[in-house]
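The primary structure of each chain is shown beneath.
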Amino acid sequence: MQNSCLPLRLCAFAGVSLYRISIAVVIVLCSAVVTAQANTDGVFTITVLTGGEARIEAHLLSPSRSWSFRNAYAGVLGIAERVEDFRATTSSEQDAKARKIATGEFRSDLGARKISYKVNVSKPGAADVSHVSWIAGDFGLLMLADLLPQHFSSLSVRFELPPGWSVASSNSGDDSGLYQIAAPEKAVFFVGRSIRRAARDVDGMSLKTLLAGTWPFKDRDVLDSAAKVLKRYSALTGVKLPGGASIMIAPLPVKVGSTKWRAETRGSTVVLLIDPLADFNRWSGQLTVIFTHELFHLWVPNWLKLEGDYDWFFEGFTLYTALQTALQLKVINFQEYLDTLARVYDSYLSYAGDISLIEASERRWTTTGPLVYDKGMLVAFLYDLKIRKESAGNMTLADRYRELFNGRVAANADGNEVIIGVLDSAPRMSGFAKSYVESSARLELEQVLPAYGLTLDSSGKKSELRINRGLSAEQKQLLRSLGYRK
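Anyway, here's the lowdown on the structure attached to this text. (Residues numbered from 1 in each chain as written. Predicted model: local features only at pLDDT ≥ 70, side-chain atom pairs only at ≥ 80, totals over all residues. Heavy atoms only, no water.)

## A closer look at the overall build of the protein
Summing up its helical and strand segments, the protein has twelve helices and 21 strands in all. Relative to the globule expectation of 23 Å for 486 residues, the C-alpha radius of gyration of the protein, 24 Å, shows essentially globular dimensions. A principal-axis box enclosing the C-alpha atoms of the protein has dimensions of 85 × 45 × 45 Å. Within the span of the protein, comprising 486 residues, buried residues form 56% of the whole. By sequence separation, contacts in the protein at least 24 residues apart represent 69% of the contacts at least 6 residues apart. When the accessible surface of the protein is split by element, carbon and sulfur atoms take 48% of a total near 20,400 Å². If the 56 positive side-chain charges of the protein are averaged to one point and the 50 negative ones to another, these points end up 4 Å apart. (Helix = DSSP H or I, 4+ residues; strand = E, 2+ residues; numbered from the N terminus. Rg over C-alpha atoms; globule rule 2.2 N^0.38 Å. Buried < 20%, exposed > 50% of the residue type's maximum accessible area, 1.4 Å probe, protein only. Contact = heavy atoms within 4.5 Å. Areas by Shrake-Rupley, 256 points an atom, 1.4 Å probe, with all protein chains shown as cover. Lys, Arg positive; Asp, Glu negative; His and termini not counted. Charge placed at Lys NZ, Arg CZ, Asp CG, Glu CD.)

Written as structure tokens, this is what we have:
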């Protein structure tokens, strides 16, 4: 997730010393009764060692001759290049004659019941630190999506760690330390020394925090901030997360310019990596601002399970919803709300030309610039203004989320079609998506905003978004519904 100096954006940061760690992953035969099609299920033992390699040994439930590893994710390429020394053997310990046919792709001549390989997880990079597995110093993140071959339908995993280390996850292990994983591509494990745990029930949803490192805030501040946001979004969507939420916080292990934090929301887990030297004026407020964005991803897109490239909505509209939520929670004031939107407009204007939000979503990982975020957030702002005005304050963008989560949206439906349909279904909002989501026309907020009682001046070094003098009664009502209090 790229950034344009928003307090709600993903950023990156300074680090700690890097150490090479090895992971030996031993996969033994799964004892569960499964169908013949589930021929890659197994039990994994992940052993963290020193030495800079990941050794994986696997006993497969059924013979297999091909294995594929994830090689790209969230714009990070070459992930599978870390996989080395891949070998396969039959159930009788005969060499299955495995060979590498491409990066992350392996085939064998004979059906194999056992495989072994290495993965180097000792060098997190600036671009991938929140997206792939790594171990640095006394902490690490293990993401099964890039450690294991793809297409496992289910598996079990056990960990063997250095003395003083422990493992934590949104999943609960049994008394023997064995974790049952139904969706390996979403599973994240936090390993390291002195991981501190806390938990709370939030309106029937489980909230867990897992922290490592020394911070200027208290562990309970994380719980308090996250609980407020979680409760707000449950009310906004009308959905209680069945798997709850787990938040992992650790020191950022690499330095990335002036960026202060990076995050990833995967499954029911939010990973937050923060520069220990970051100078935030109010740490508890900053945590809340971060959570307003990242925790909403537990609903959008994770809960929706829609298909296609609709990043304009689950990133751009989420940024705007997060900004509104921060305002409602009184973490920011109304002027900060306006200032943030003005900064986003400046960032948007810095890019020559324009494309539609649909196209920007399709090209998100192949082009530079945060157009999905900037234009998406500004379009969400315009939608919120228009729907409030057209409904005389009786409807807001939040109502569209409740419509989206009302249970009538089919899983695996096309995300763009579903969301555009929901946005346009509101009274007098038909055609909005065609004008602002599907069109490549340049946004000209200076021309649009006066009708809502706002003036945007972009003639100086930075844009200024202000309240008009002499507001009409209708404009004053609309702005007050947004959070304006004068």
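## Topic: the packing of aromatic side chains
By the definition in use, this model includes 31 aromatic pairs. Taken together, a centroid distance of 5.3 Å and an interplanar angle of 70° make the contact between F44 and F152 edge-to-face. You can see F44 sitting in strand β2 (residues 42-50) and its partner F152 sitting in the loop between α1 (144-147) and β11 (155-160), a full 108 residues away along the chain. Neither F44 nor F152 differs from the other in exposure class; each is buried. (Phe/Tyr/Trp six-rings, centres within 6.5 Å; stacked < 30°, edge-to-face > 60°.)

## Regarding the nonpolar core
The nonpolar side chains of a soluble globular protein tend to be buried, and buried together. Within the largest apolar cluster, 104 residues are counted, with the highest numbers of intra-cluster contacts made by L230, L295, W299, W312 and Y337. Broken down by element, this core gets its largest block of residues, twelve residues, from helix α7 (residues 371-390). Core analysis: the next-biggest nonpolar cluster, separate from the first, contains 36 residues, V48, W165, Y179 and F189 among them. (Core = buried A, V, L, I, M, F, W, Y, C linked by side-chain atoms within 4.5 Å.)

## Brief notes about the sheet that holds strand β9 (residues 134-136)
Taken in spatial order, the four strands line up as β9-β10-β14-β12 in an open sheet, and their pairing is antiparallel. At either margin of the open sheet sits one strand with a lone partner, and together these are β9 and β12 (165-169). Each neighbouring strand pair of the sheet contributes to a mean axis angle of 15°, computed without reference to strand direction. With five bridges joining them, strand β10 (residues 139-143) and strand β14 (residues 188-193) adopt antiparallel strand pairing. Bridging across to β14, F139 finds its partner in G192. (Pairing = 2+ DSSP bridges. Axes fitted to C-alpha atoms, helices over the stretch in contact; angles between N-to-C directions.)

## What to know about helix α2 (residues 219-237)
In this model, α2 (19 residues) spans 28 Å end to end at C-alpha, consistent with the 27 Å of a helix rising 1.5 Å per residue. Among the structural elements, β15 (196-202), β16 (205-211), β17 (245-251), α3 (283-294), α4 (311-328) and α8 (397-404) are those in contact with the buried residues of α2. Downstream of α2 by one or two residues, G238 has phi in the positive range, about 75°. (Expected span 1.5 Å × (residues − 1).)

## Re the sheet that holds strand β19 (residues 269-274)
Read from one edge to the other, the open sheet built from five strands follows the order β15-β16-β17-β19-β18, with strand pairing classed as mixed. Either end of the sheet is taken by a strand with one partner, and the two such strands are β15 and β18 (261-266). Each strand axis lies, on average, 15° off the axis of its neighbour in the sheet, ignoring direction. Two strands pair when backbone bridges link them, and β15 and β16 are joined in this way by seven bridges, in the antiparallel orientation. When the bridges of β16 are listed, V202 appears paired with M205. With respect to the sheet, α2 is in contact with β15, β16 and β17, its orientation differing from that of β16 by roughly 150°.

## Regarding the pattern of salt bridges
In total, this model carries 22 salt bridges according to the counting rule given. For R388, the salt bridge identified is with D384, shortest N-O distance 3.0 Å. With R388 and D384 both in helix α7, this residue pair falls four residues apart, about one helical turn. Here the residues in one salt-bridge network are D85, R87 and K118, joined through shared partners. (Salt bridge = Lys/Arg side-chain N within 4 Å of Asp/Glu carboxyl O.)

## What about unusual backbone geometry?
For the bond from V300 to P301, the omega torsion is 15°, close enough to zero to count as cis. Structurally, P301 can be placed in the loop between α3 and α4. Despite not being glycine, D85 shows a phi value in the positive range, around 55°. As for its position among the elements, D85 is in strand β6 (residues 83-89). The partly exposed category is assigned to D85, whose relative accessible area is 34%. Even without a glycine there, the phi angle at K330 is positive, about 65°. Checked against the element boundaries, K330 lands in the loop between α4 and α5 (334-349).

## Remarks on the environment of T366
Mapped onto the secondary structure, T366 falls in the loop between α6 (357-362) and α7. The sequence separation of T366 and A342 amounts to 24 residues, and the corresponding C-alpha distance is 26 Å.

## With respect to the packing of α4 against α7
Following both chains from N to C, one finds α4 and α7 inclined at 60°, their axes separated by 7 Å at the closest point. The angle between the axes of α4 and α7 places the two elements in the oblique class. The two elements α4 and α7 meet at a crossing, and its hand is right-handed. Contact residues: α4 offers D311, W312, E315, G316, F317, L319, Y320, L323 and Q324, while α7 offers V372, Y373, G376, M377, V379, A380, F381, D384 and R388. The residue makeup of the contact of α4 with α7, split by class, is eleven nonpolar, three polar and four charged. (Parallel < 35°, antiparallel > 145°, perpendicular 65-115°, else oblique. Left-handed = near helix turned anticlockwise from the far one by under 90°. Nonpolar A, V, L, I, M, F, W, Y, C, P; charged D, E, K, R; others polar.)

## Focus: the packing of α5 against α7
Viewed as axis vectors pointing N to C, α5 and α7 meet at an angle of 130°, and their least axial separation amounts to 9 Å. As judged from the angle between their axes, α5 and α7 are oblique. As α5 runs across α7, the sense of the crossing is left-handed. On α7, the residues touching Y337, T340, L341, V344, Y345, S347 and Y348 of α5 are L371, D374, K375, M377, L378 and F381. The class makeup of the residues in the contact of α5 with α7 is nine nonpolar, two polar and two charged.

## What about the side chain of S130?
Within the secondary structure, S130 is located in the loop between β8 (105-119) and β9. Among the residues examined, S130 registers a relative accessible area of 1% and is labelled buried.

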